[in-house]
Amino acid sequence: MAALRVWMSVQMTLLLQTIANGVLIGGLYVGIAIGFALAFGVLDVVDFAVGEWVMLGGFLGFYLWQWLGVDPFFLLPVAFLVFGVAGYLLAPLIYRVRSGSYARPALMALAFTFGISLIMRGSTLTLLGFNTRTVTTQVGQQTFMLGQIALPGLRVVAFAFALLVIAAFLIFLYRTRLGLAIRAVAQNRQTAGLMGIDVKRVSAIVYALYAALTGMVGVLMAAIYSVNAEVGIRYTLFAFFVVVLAGLGSISGVLAAGLFLGILEALSAVYVGGSYTYLIVFGVLYLALVVSPHGLLRRGARV
């Protein structure tokens, strides 16, 4: 009987530890997906390059850390600025394709972003090779204990930073005039244009914010895991999972869906095996969409 109690205690500790790890990484998935969801809402484009923005953010953090010797956490504002400018310059091309006189402009925009992702990935492979880079940071090296649950300091700090950035992003979106304009364009771009809103400029700002936020999270992901030229597809699939499960265009559902993904991934890796993660994740996504095509909170566009 004593052995059974010990076994049950160990299993409960393992379960709680796994859930805690999933929640911590889920916060970063929210950081990736929230800009992705907003870009879809405003531009009406599913951006296949989202994972490549994360990947490039990781490489930027690695090389700046190597060259400047500055802790990656202090390089996050630099990543935000660099990718914000890159996104702002790229946005007019996406807007032009999306607003063109093609038979199916949404499909053309989808193909365009897929091409961008291939260019990003291919260029990185050509210039930087296949080798995996690991970023070392001195921030959060200690481990925090919550009862018997060990919380790695780096993940805790990254999770807290991601939540802080997401909160600032939502305050900007719901408490500023520009945020109101962005939500108006996401609601109905034709009506917003008739009301005097510069839809093209707003679209460029949204894509810049999305690229900046995603690239910044890429630095954090490189510090927690590692980065190579092939890692982008993983984050593209996970961002797609979060946004679809939240409901296409729904910002409020992204938080719940991102944390759910982190927990699901952690549980799958521990109890089933890491090689089955994608099978389980997208099996759950399929079942969820059968039950609720509008997403977890039933507020998004029907998938």
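Residues numbered from 1 in each chain as written. Predicted model: local features only at pLDDT ≥ 70, side-chain atom pairs only at ≥ 80, totals over all residues. Heavy atoms only, no water.

To continue, consider the confidence of the model for the chain. Detailed reading of the predicted coordinates is not advisable wherever pLDDT falls low. Within the chain, residue pLDDT values average 85, and 93% of them lie at 70 or more. Strand E1 (residues 143-146) is the least confidently modelled element of the chain, averaging 80 in pLDDT, while helix H2 (residues 50-68) averages 93, the highest of any element. (pLDDT = per-residue confidence, 0-100. Helix = DSSP H or I, 4+ residues; strand = E, 2+ residues; numbered from the N terminus.)

Take the pattern of salt bridges next. Scanning the model with the defined rule gives two salt bridges in all. Glu230 is paired through a salt bridge with Arg121; the nearest N and O atoms lie 2.8 Å apart. With a gap of 109 residues between them, Glu230 in the loop between helix H8 (199-224) and helix H9 (232-246) and Arg121 in helix H4 (residues 105-128) connect regions that are remote in the sequence. By relative accessible area, which is 33% here, Glu230 ends up partly exposed. (Salt bridge = Lys/Arg side-chain N within 4 Å of Asp/Glu carboxyl O. Buried < 20%, exposed > 50% of the residue type's maximum accessible area, 1.4 Å probe, protein only.)

This brings us to the environment of Ala181. With respect to the secondary-structure elements, Ala181 resides in helix H6 (residues 177-187). If near-sequence neighbours (up to four positions away) are discounted, Ala181 is found in contact with Ile197 and Val202. (Contact = heavy atoms within 4.5 Å.)

Attention shifts here to empty space enclosed by the protein. Throughout the structure, instances matching the rule amount to two cavities of 30 Å³ or more. When its volume is computed, the largest cavity comes out at roughly 40 Å³. Taken together, Gly31, Phe161, Ala162, Val165, Ile166, Leu213, Met216, Val217 and Leu220 make up the full set of residues lining the largest cavity. Those elements that place two or more of their residues in the lining of the largest cavity are helix H5 (153-175) and H8. Classifying every residue of the lining of the largest cavity gives eight nonpolar, one polar and no charged. Of the voids in this model, the second largest cavity is the one considered here, and its volume is about 30 Å³. Partitioning the lining of the second largest cavity into residue classes produces seven nonpolar, three polar and no charged. (1 Å grid on protein atoms, 1.4 Å probe; cavity = no way out; pocket = protein on both sides within 12 Å on 5 of 7 lines; lining within 4 Å. Points joined across faces, edges and corners; volume = space filled by probe spheres on them. Nonpolar A, V, L, I, M, F, W, Y, C, P; charged D, E, K, R; others polar.)

To continue, consider the pairing of E1. Here E1 runs beside strand E2 (residues 149-152); their pairing, made up of four bridges, is antiparallel. Looking at the pairing, Phe144 lines up with Leu151 of E2. The loop that links E1 with its antiparallel partner E2 comprises two residues; one of these, Gly147, has a positive phi angle of about 70°. (Pairing = 2+ DSSP bridges.)

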